[in-house]
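Reading the structure
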Amino acid sequence: MLLMIGTTEIIVIAFIILLLFGGTQIPKLMKGLGKGVKSYKDGLNGIDDEEDDDKKKDNKDD
């Protein structure tokens, strides 16, 4: 079955998060989440850059 989340469900989830973490903790939580996502993306880009460097080295050896 297809899972569809509507506006009401999003509001309820946001309210529960507000109750659990409090208004002062949410910005800290979002900042940490943002840093984690940025780190993940940088890691993926770093892996891609290393693969490109390896391909360039292999082509120079030929």
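Given the structure is predicted, the values throughout are model-derived calculations rather than measurements. (Residues numbered from 1 in each chain as written. Predicted model: local features only at pLDDT ≥ 70, side-chain atom pairs only at ≥ 80, totals over all residues. Heavy atoms only, no water.)

Looking now at the overall build of the protein chain. Counting its regular elements, the protein chain contains two helices and zero strands. Here the protein chain holds 62 residues, and 0% of them are scored as buried. (Helix = DSSP H or I, 4+ residues; strand = E, 2+ residues; numbered from the N terminus. Buried < 20%, exposed > 50% of the residue type's maximum accessible area, 1.4 Å probe, protein only.)

A word on the environment of I26. Assignment of secondary structure puts I26 in helix α2 (residues 25–61). Residues within four places of I26 in sequence aside, it is in contact with I17, L18 and F21. (Contact = heavy atoms within 4.5 Å.)

Attention shifts here to helix α1 (residues 7–21). Relative to the 21 Å expected for 15 residues at 1.5 Å per residue, α1 spans 21 Å between its end C-alpha atoms, a close match to the ideal helical length. Where α1 terminates, the next one or two residues include G22, which has phi positive at roughly 80°. (Expected span 1.5 Å × (residues − 1).)

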